[in-house]
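# What the coordinates show
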Amino acid sequence: MEPSELVARVDFDEDVTEEEAEQHTRDLVLLLEDLDVDEVGMAEGDAVAGTRSADPALLAGAVVVAGAILKPVLAGLVTLLGQWIEQSGQRSVTVECGDAKVTVKGRVATKDVEAYVRALNEGRKSQGAGD
């Protein structure tokens, strides 16, 4: 299996300031660093619709998880995102992996995690990272 990369994009509440968005994103990065992946960090680059940042080099609301065999950590990722949304009070996190996108809107029941993982694995396959 080849290394892969995914992006998690936060849909912030409308009243969240740039500074709050950046702090929420940093908190999410710290949480996801516990996954067995090579790198987790805030995405860098030009701002895109839906992201906010006081620092133009960093995209608040966009987290990159990279450099690892992602299949074993996808279930943990979905579970952690659900917990983070519940704790932070934000709307949702959309995870993009290849052509696949799934949106986590809160705590995910254990029985539903596999459906998210299957959808993300389909995106990885279309990206060329086979099982």
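What comes next concerns the included structure. (Residues numbered from 1 in each chain as written. Predicted model: local features only at pLDDT ≥ 70, side-chain atom pairs only at ≥ 80, totals over all residues. Heavy atoms only, no water.)

## Quick word on a negative patch on the surface
A contiguous patch of negative charge, built from Glu5, Asp36, Asp38, Glu39 and Glu44, is present on the exposed surface. Position of Glu39 among the secondary structure elements: in strand E2 (residues 39-44). (Patch = residues over 30% accessible without salt bridge, like charges linked within 9 Å, V, L, I, M, F, W, Y side chains within 5 Å. Areas by Shrake-Rupley, 256 points an atom, 1.4 Å probe, with all protein chains shown as cover. Salt bridge = Lys/Arg side-chain N within 4 Å of Asp/Glu carboxyl O. Lys, Arg positive; Asp, Glu negative; His and termini not counted. Charge placed at Lys NZ, Arg CZ, Asp CG, Glu CD. Helix = DSSP H or I, 4+ residues; strand = E, 2+ residues; numbered from the N terminus.)

## Concerning the side chain of Gln90
Note that Gln90 resides in the loop between helix H2 (74-88) and strand E4 (92-97). The exposure class of Gln90 is buried, given its relative accessible area of 7%. Engagement of the side chain of Gln90 in a polar contact is seen with the backbone nitrogen of Asp13, the distance being 3.0 Å. At 3.3 Å, the side chain of Gln90 forms a polar contact with the backbone oxygen of Ser88. The contacts of Gln90, once residues within four sequence positions are left out, are Val10, Asp11, Phe12, Asp13, Val16, His24, Trp84 and Ile85. (Buried < 20%, exposed > 50% of the residue type's maximum accessible area, 1.4 Å probe, protein only. Polar contact = N/O pair within 3.5 Å; in protein donor to acceptor, adjacent residues only side chain to side chain. Contact = heavy atoms within 4.5 Å.)

## Here's the deal with the nonpolar core
Counting 33 residues, the largest nonpolar core has Leu32, Leu77, Leu81 and Val95 as its most contacted members. Among the secondary structure elements, those contributing two or more residues to this core are strand E1 (4-11), helix H1 (18-32), E2, strand E3 (58-68), H2, E4, strand E5 (100-104) and helix H3 (110-127). Considering each element in turn, this core owes the most residues, seven residues, to H2. Val95 has contacts with Leu6, Val7, Ala8, Leu77, Leu81, Ala100, Lys101, Val102 and Leu120, leaving out every residue within four places of it along the chain. (Core = buried A, V, L, I, M, F, W, Y, C linked by side-chain atoms within 4.5 Å.)

## Some remarks on H2
Helix length check: H2 (15 residues) gives 21 Å between terminal C-alpha atoms against 21 Å at 1.5 Å per residue, within 8%. Residues of H2 that are buried: Leu74, Leu77, Val78, Leu80, Leu81, Gly82, Trp84, Ile85 and Ser88. Gly89 sits one or two positions beyond H2 and adopts a positive phi of about 80 degrees. (Expected span 1.5 Å × (residues − 1).)

## Quick notes on the pattern of salt bridges
Inspection of the entire model under this criterion finds seven salt bridges. Close ionic contact of Arg26 with Glu22 constitutes a salt bridge, the shortest N to O distance being 3.2 Å. Taken together, the residues Arg26 and Glu22, both in helix H1 and four residues apart, mark about one turn of the helix. Taking the relative accessible area as the measure of exposure, Arg26 reaches 35% and is therefore partly exposed. Of the charged contacts in the structure, one is a salt bridge between Glu86 and Arg107, with a shortest N-O distance of 2.6 Å. Linking Glu86 in helix H2 with Arg107 in the loop between E5 and H3, this pair joins segments that are 21 residues apart in sequence. Take Glu86: its relative accessible area is 48%, and that puts it in the partly exposed class.

## Let's talk about the pairing of E5
Only one face of E5 is buried: it carries Ala100, Val102 and Val104, and the other face, with Lys101 and Thr103, is open. Counting the residues between successive antiparallel strands, the hairpin from E4 to E5 contains two residues, one of them, Gly98, with a positive phi of roughly 65 degrees. (Pairing = 2+ DSSP bridges.)

## A look at H1
With 15 residues, H1 should reach 21 Å at 1.5 Å per residue; the first-to-last C-alpha distance of 21 Å fits that figure. Taken together, the buried positions of H1 are occupied by Ala21, Glu22, His24, Thr25, Leu28, Val29 and Leu32. The buried side chains of H1 occupy one side of the element, clustering within an arc of 160 degrees when seen end-on. What points out from H1, more than 90 degrees from its buried face, is the exposed set Glu19 and Leu30. (Arc of directions from axis to C-beta.)

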